[in-house]
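Residues per chain, in single letters:
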Amino acid sequence: MEGGSGSGSGGSRKRASNQNVASSSQVYRSAPEASTTSSTKPYQLPEPRTPPGRRNPVGRHRLRSELNRLNQEIQLLKEELKAMENLPPASRTSRELIEFIETCADPLLPITRGPIMAEWDKWFRQPTEPNRCCW
Amino acid sequence: MSANGVNEGDLLQAAKAEVIHLRDRLQQRRNELQDTDVATYARRNDRHAIRYAREDFRPCRTLRGHTGKIYSLDWSYRNKNRIVSASQDGRLIVWNALTSQKTHAIKLTCSWVMTCAFSPDGHSVACGGLDNNCSIFGLNSHPEPDGNLPVLRVLYGHRGYLSCCRYVPDEAHIITSSGDRTCRLWDGETFNLVATFGGDATSGHAADVMSVSISTSNQKLFVSGSCDKTARLWDTRVASRPQHTYYGHRGDINAVQFLPDGLRFGTGSDDGTCKLFDTRTGHLLQTYEDPNPGRSCVTSLAFSHSGRILFAGYENQRCYLWDAMLAEVLFDIGNNHSNRISCLGVASDGSALCTGSWDSSLKIWAFSGTRQIAGPV
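Residues numbered from 1 in each chain as written. Chains lettered and ligands numbered in written order. Predicted model: local features only at pLDDT ≥ 70, side-chain atom pairs only at ≥ 80, totals over all residues. Heavy atoms only, no water.

Chemist: What's the story with the overall build of chain B in this structure? I'm lost.
Modeler: Scanning chain B from terminus to terminus reveals 2 helices and 29 strands. Relative to its length of 377 residues, chain B is compact, with a C-alpha radius of gyration of 22 Å against a globular reference of 21 Å. Once the C-alpha set of chain B is aligned to its principal axes, its extents read approximately 75 × 55 × 40 Å. Here chain B holds 377 residues, and the buried ones make up 61% of them. Of all intrachain contacts in chain B linking residues separated by at least 6 positions in sequence, the fraction that spans at least 24 positions is 46%. (Helix = DSSP H or I, 4+ residues; strand = E, 2+ residues; numbered from the N terminus. Rg over C-alpha atoms; globule rule 2.2 N^0.38 Å. Buried < 20%, exposed > 50% of the residue type's maximum accessible area, 1.4 Å probe, protein only. Contact = heavy atoms within 4.5 Å.)

Okay, structure coming up:
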């Protein structure tokens, strides 16, 4: 893991799942359209409406939940703002990074910190390990 | 109307306005602190680009044996020449990269594998994919009569595909990320679930998590990259919320990788760029944007041993070696793979790079030029 285990992507699964979602929603939408062909009036799903002058209890719960979420976010943003008061500028972080890079030996660089190890060139030598294969 | 007579709708509007105001102040403060980027700072302080001759970086091995697209690879930490690779031919193959020989070929029950990882002691490998599970195989286990290695353990719990799994190097733990928008920490000895990170709309990722990377300086910290275009830093002791959220990408983040210093990390995205972030300050230190037209998605990412080279694999079969300090392309590996580069990784001793591709092959790359010792800094 140290020194750079690779990381890969699974873009195809991500896209495949999106396509599945798209296709399933198309199937869902096509049902009312099919029913319109057999009748003269387009089919409409009934919409729940709150009678005028009455408060919608579901709406109130939604409002409260949204308010709680926003208050939580406000708290987090305030904390972040406070934490930023004492942060160093990006130039100091850049300097630290460059200092780190320049103090490390790197087998893949033409100019590097020492010591240079003979082991680094093993990839261009004949392997000395016995050839053991599972197949 | 609420109990104290204040209209809830008004409170909501006020809270929304407050959030916008605070976000603006944060952005303003960030802009004040963002006085430079790494490349500008390095040039201003007389740092020069690395020069690679054409033959300095070349492929030295091609590992053939998979018959499907390769999705993931991982170098062993203990045995520096070993690699495990996962392919959609339904096999994990453990390679001795030096001799190009296979030491294990493990047939999987679910062939739709997306990730694999070597344990720090080199005795087991983990993998997972569309089965939503993380399966662990002991490399020293007795094979079954048909020659296959039996599954040692299966970690159940994710409700979406497993996109990435990584062992915590010095601890007996495994971290997994998933399409269910969460990351999970598992005990590597009892194989029990220890903690779940995210899954809550207010604090976790808002879309599939694609990749995780563990800090080498503090192994309680790991970073996750997601299709919600953000990366998040998590402390394994505090599962309830991320320590920090990093913004800047305009597309899904496919890969995250810590620098060897364990304090900064890189991200690769569908927007075609790689970015470098500082974990402690949250500063975006550098953006690496392909100068060529027809920019392609970044699929994978790794750093050389010093962090000077950023290796980025692209959907268009390219792999660039970026000078991470000066944000210039040092080297382009050209058309050595005939399909998308899906994964890459640097050997634990830093001496080689391995690229894995949908063309079913893995290639080992190393520096073949003459090295010079750098003068005092």
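Further notes follow.
Chemist: Got a minute to help me understand the nonpolar core in this structure?
Modeler: The nonpolar side chains of a soluble globular protein tend to be buried, and buried together. By size, the foremost hydrophobic cluster in this structure holds 23 residues, and its most contacted members are L97 of chain A together with C274, L276, Y288, L310, A312 and W322 of chain B. Residues within four places of L310 of chain B in sequence aside, it is in contact with C274, Y288, L301, A302, F303, Y320, L321, W322 and A324 of chain B. (Core = buried A, V, L, I, M, F, W, Y, C linked by side-chain atoms within 4.5 Å.)

Chemist: In this structure, what is going on with the sheet that holds strand β4 (residues 91–96) of chain B? I would like to understand it.
Modeler: Pairing between the strands of a sheet is mediated by backbone hydrogen bonds and can be parallel or antiparallel. Residue and element names in this part refer to chain B. Taken together, the 4 strands give an open sheet; going across it, the order is β2-β3-β4-β5, and neighbouring strands pair in antiparallel fashion. Each end of this open sheet is capped by a strand with a single partner; those strands are β2 (70–75) and β5 (101–107). Between one strand axis and the next, the sheet turns by 20 degrees as a mean value, whatever way the strands run. Pairing geometry for strand β3 (residues 82–87) and β4, over 6 bridges, is antiparallel. Bridging from a neighbouring strand, S85 pairs with I93 of β4. (Pairing = 2+ DSSP bridges. Axes fitted to C-alpha atoms, helices over the stretch in contact; angles between N-to-C directions.)

Chemist: How do you make sense of the pattern of salt bridges when you look at a structure like this?
Modeler: Where charged atoms of side chains with opposite charge meet at close range, the side chains can pair. On inspection of all chains with the given rule, the structure shows 24 salt bridges over all chains. A salt bridge links E328 of chain B to R43 of chain B; the shortest N-O distance between them is 3.0 Å. You can see E328 of chain B sitting in strand β25 (residues 328–332) and its partner R43 of chain B sitting in helix α2 (residues 38–44), a full 285 residues away along the chain. R295 of chain B is the salt-bridge partner of E289 of chain B, the closest N and O atoms lying 2.7 Å from each other. Residue class for R295 of chain B comes out partly exposed when judged on its relative accessible area of 40%. Through salt bridges with shared partners, a single network forms among E96 of chain A together with D261, R264, D278 and R280 of chain B. (Salt bridge = Lys/Arg side-chain N within 4 Å of Asp/Glu carboxyl O.)

Chemist: Even after reading the chapter, I still don't get the packing of aromatic side chains, so can you show me in this structure?
Modeler: Ring pairs (aromatic) are described by centroid distance and by the angle formed between their planes. All names here are of chain B. A full pass over the atoms with the stated rule returns 17 aromatic pairs over all chains. On the basis of an interplanar angle of 10 degrees and a centroid distance of 5.9 Å, the ring pair of F57 and W365 is categorised as stacked. Highlighted residues: F57 in strand β1 (residues 57–63) and W365 in strand β28 (residues 362–367), separated in sequence by 308 residues. Ring centres of F265 and F277 lie 5.5 Å apart, and the angle between their planes is 25 degrees; on these two criteria the pair is classed as stacked. Of this pair, F265 sits in strand β19 (residues 264–269) while F277 sits in strand β20 (residues 273–278), and the two are 12 residues apart along the sequence. (Phe/Tyr/Trp six-rings, centres within 6.5 Å; stacked < 30°, edge-to-face > 60°.)

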